[in-house]
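So you can see what is in the structure, the chains are spelled out below.
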Amino acid sequence: MPSAIETEDLHKQYGDVHALKGVSLEVDEGEFFGLLGPNGAGKTTFINILVGLVAKSSGHAEVFGYDVEDDYQMARDAIGLAPQEFNVDRFFPIREVLVHKAGYHGVPKEVAVERADRVLKEVGIYDKRDTRFHFLSGGMKRRFMLARAMVTDPDLLILDEPTAGVDVQLRHDLWQLIERLNSEGTTILLTTHYIEEAEQLCDRVAIVDQGEVVEVETPDELMSRGSDTIYVTLRDPPETPPELEDDVLDAGMRDGDLVVRAEHGGRSLPGVVRSLDRAGHEILDVEIRRTTLEEVFVEVTDSLGDEALDDVREGFEEGAP
Amino acid sequence: MNIGGASASIPFTTGFRTLMRREILRYIRRPRNTFMPPLITNVLYFSVFGVILGERVGTVLGVEYILFLLPGLVVLGAISNSFENSSFSIFHGRWNEYIHATVTSPLSYTEMVLAYVLSSALRGVIIGVLIALVGAVFIRPVPVEHPVYLVAFMAVITTLFAALGVIGGLWARDFDYLTVMNQFILRPLVFFGGVFYSIRELPRTWELVSLLNPMVYMVNGVRYGFLGPEAVDVGPNVALVVLTTATVVVVAFDIYLFHRGYGLTE
Ligand SMILES: Nc1ncnc2c1ncn2[C@@H]1O[C@H](COP(=O)(O)OP(=O)(O)O)[C@@H](O)[C@H]1O
Ligand SMILES: [Mg+2]
């Protein structure tokens, strides 16, 4: 069985901008795969090469074993795309837009009408079926983008920042729907710059930055790469941190709290408490903070220099849920 | 996955028919923008040129001026609307990016091009028929001497201009481009192409220059279909072969452009 997506050394050059610098990725059938990276990382470029909106400069890309250029019809038939930017036919009410889209994929009219109604109900905008896209509210527009991607019953659903700028309620509605589709066997490729989204939904995440895949791991693996931090509030905090056991990475005093970094906070905590007891300190409060994927991301992309890092941080701030 | 897409290389697939239907419905549902303007314009043409001026002009190549005028007006309306339809539909879709949803569907490039071209040609033919009907209000009855030639020429010239419109729609970077193509290229060619006069009435030099204008052959071909051999400057057969060849070449070029992704992919 071929992979849902397989790319090899994919490059894209827009004039002077090297948007993809040799991306090799493999997404398995049935997987929920995330592309996580800041704005300008090359996520949309990668997706657009798969559907044929961007011509690759070099390299190789296949969808379910079909070359995206040589077997473009077969590759495209398998894909349902919800793009980042709204791009919906302005002349027709949304129900008809869906019927047309299904028709382009070879679905006969009567079946297409049933499908259109079904997906409109699934995303919760069935009562707007005779409205043109232009007149929908922002949230409904996002819902419609997903409906249009679903109407062809794709084997591979590609969602390019589907929850950008939507409220919490809608985000969770969309997540639920996408997770259901995935559990029913649809392969999902999701791009996002929301860490939380990647962490919650994806089986595997590729961290992309400046046109390169920096890491491909499960959210758990990524998390375990980072360290945990233990905050201990003491009744009479000393000037320098007391002697601790050697499984901690480092320790220091910050704002009167003892701050301890350890690979696994939970495992090191008993030792820390024992050492403090022995030294005669009274503990008022203890808190362990897990590393967030965001911190891991910054760590992973740390080698890229300050300028790149600023971009990364900006990306996260802008996209903060 | 849908079976239909897999067999998309067979002509007239569901995908092709759907795009045809979408394209046709787009103009059918907006008659005030698509059918009314040429109707009004042609009522004016027939009244002013045909009736008022026609009485002074008398006959051209042995036919009443208003009757001589009719085939030219049919050609003018048919080709400019074919061109306008495909260029507008493609450019508007590019401008608002909704054409992406179509071009990322599993239609073959040939199917995409044929759907845009044939639906636009059909609009040209409909306009041509409407103009002939307007003419029939002024001239009763409108003769059709060679229906086969009439149909053949109308089919070929509307397809040719629809196919040229595809190039225009892919090339345009702004709505201005469409206006420029229509007003500064298409219209002058048509007006100097013997719509309003017989080129035999021109000084010899200008008559020869006019023979370089492809529009002359289209107008003549349609005039031949309506009025027969006496009313035309040049014969229809060579013209039909040349125009058909040109149409095939331009459609093939459209398909090549879609394949290349010209104006559609980055
Ligand atoms: N059409 C284009 N022309 C020139 N540069 C582009 C174009 N599209 C994207 N880029 C550049 O390519 C890089 C990657 O962009 P994109 O794929 O949109 O990233 P992302 O989706 O991760 O935000 C950016 O530097 C962007 O400015
Ligand atoms: Mg993007």
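Quick caveat: nothing in here was measured; it's all calculated off a predicted structure.

Basis of the calculations
Residues numbered from 1 in each chain as written. Chains lettered and ligands numbered in written order. Predicted model: local features only at pLDDT ≥ 70, side-chain atom pairs only at ≥ 80, totals over all residues. Heavy atoms only, no water. Helix = DSSP H or I, 4+ residues; strand = E, 2+ residues; numbered from the N terminus. Rg over C-alpha atoms; globule rule 2.2 N^0.38 Å. Contact = heavy atoms within 4.5 Å. Buried area = accessible area lost by both parts, 1.4 Å probe. Salt bridge = Lys/Arg side-chain N within 4 Å of Asp/Glu carboxyl O. Polar contact = N/O pair within 3.5 Å; in protein donor to acceptor, adjacent residues only side chain to side chain. Core = buried A, V, L, I, M, F, W, Y, C linked by side-chain atoms within 4.5 Å. Buried < 20%, exposed > 50% of the residue type's maximum accessible area, 1.4 Å probe, protein only. 1 Å grid on protein atoms, 1.4 Å probe; cavity = no way out; pocket = protein on both sides within 12 Å on 5 of 7 lines; lining within 4 Å. Points joined across faces, edges and corners; volume = space filled by probe spheres on them. Nonpolar A, V, L, I, M, F, W, Y, C, P; charged D, E, K, R; others polar.

Novice: Could you give an account of the overall build of chain B, naming the residues involved and the relevant values?
Specialist: A count of helical and extended segments in chain B gives 12 helices and 2 strands. Reading chain B from its N end, one meets helices and strands in the order α-α-α-α-β-β-α-α-α-α-α-α-α-α. A compact globule built from 266 residues would reach a C-alpha radius of gyration of about 18 Å, and chain B, at 19 Å, matches this within 12%. With the C-alpha coordinates aligned to their principal axes, the bounding extent of chain B is approximately 65 × 35 × 35 Å.

Novice: Tell me about the interface of chain B and chain A, and please be specific about residues and values.
Specialist: The interface is formed by 37 residues belonging to chain B together with 37 residues belonging to chain A. In this assembly, chain B packs against chain A so that about 3,200 Å² is buried in total across both faces, 57% of it on carbon and sulfur atoms. Across the salt bridge formed by E96 of chain A and R29 of chain B, the nearest N and O atoms sit 2.7 Å from each other. Seen at the junction of chain B and chain A, the total is 13 residue pairs in polar contact (both at pLDDT 80 or more). At the level of secondary structure, the elements contributing two or more residues to the side of chain B that touches chain A comprise α1 (3-6), α2 (14-28), α5 (65-95), α6 (99-103) and α7 (109-138) of chain B.

Novice: An account of the nonpolar core is requested, with residue identities and associated values reported.
Specialist: Grouped together as the largest cluster of nonpolar side chains are 105 residues, with contacts concentrated most on F46, L50, V63 and L189 of chain A together with L73 and F258 of chain B. At 15 residues, α5 of chain B tops the list of elements feeding residues into this core. Setting aside its immediate chain neighbours within four residues, F46 of chain A contacts I5, T7, L10, L20, V23, L25, L35 and L189 of chain A. Core analysis: the next-biggest nonpolar cluster, separate from the first, contains 48 residues, F91, L120, L146 and L157 of chain A among them.

Novice: Can you break down the environment of V113 of chain B residue by residue, with the values?
Specialist: All names here are of chain B. Tracing the sequence through the fold places V113 in helix α7. Accessibility expressed as a relative area gives 0% for V113, which makes it buried. Separated by 144 residues in the primary sequence, V113 and L257 place their C-alpha atoms 9.5 Å from one another. Sequence-distant contacts of V113, defined by excluding residues within four places in its chain, comprise V251, D254, I255 and F258.

Novice: Break down the layout of surface pockets for me, citing the residues and quoting the values.
Specialist: Space inside the largest pocket adds up to approximately 810 Å³. For the largest pocket, the lining is made up of 38 residues, of which T44 and N48 of chain A together with E97, H100 and E266 of chain B are closest to its centre. Where the lining of the largest pocket is concerned, the elements lending two or more residues are β2 (17-27) and α1 (43-51) of chain A together with α5 and α6 of chain B. The element that contributes the greatest number of residues to the lining of the largest pocket is α1 of chain A, accounting for 5 residues. Classifying every residue of the lining of the largest pocket gives 15 nonpolar, 14 polar and 9 charged. Within this model, the second largest pocket holds a volume of roughly 530 Å³. Taken together, 24 residues line the second largest pocket, and the ones lying closest to its centre are N81, E84, R123, N182 and R187 of chain B. For the lining of the second largest pocket, the secondary structure elements donating two or more residues are α3 (31-34), α4 (36-57), α5 and α9 (175-191) of chain B.

Novice: Kindly report on unusual backbone geometry, identifying the contributing residues and their values.
Specialist: Residue and element names in this part refer to chain A. For E161, which is not glycine, the phi torsion reads 50° and is therefore positive. With respect to the secondary-structure elements, E161 resides in the loop between β7 (156-160) and α6 (168-183). Overall, the relative accessible area of 5% leaves E161 in the buried class.

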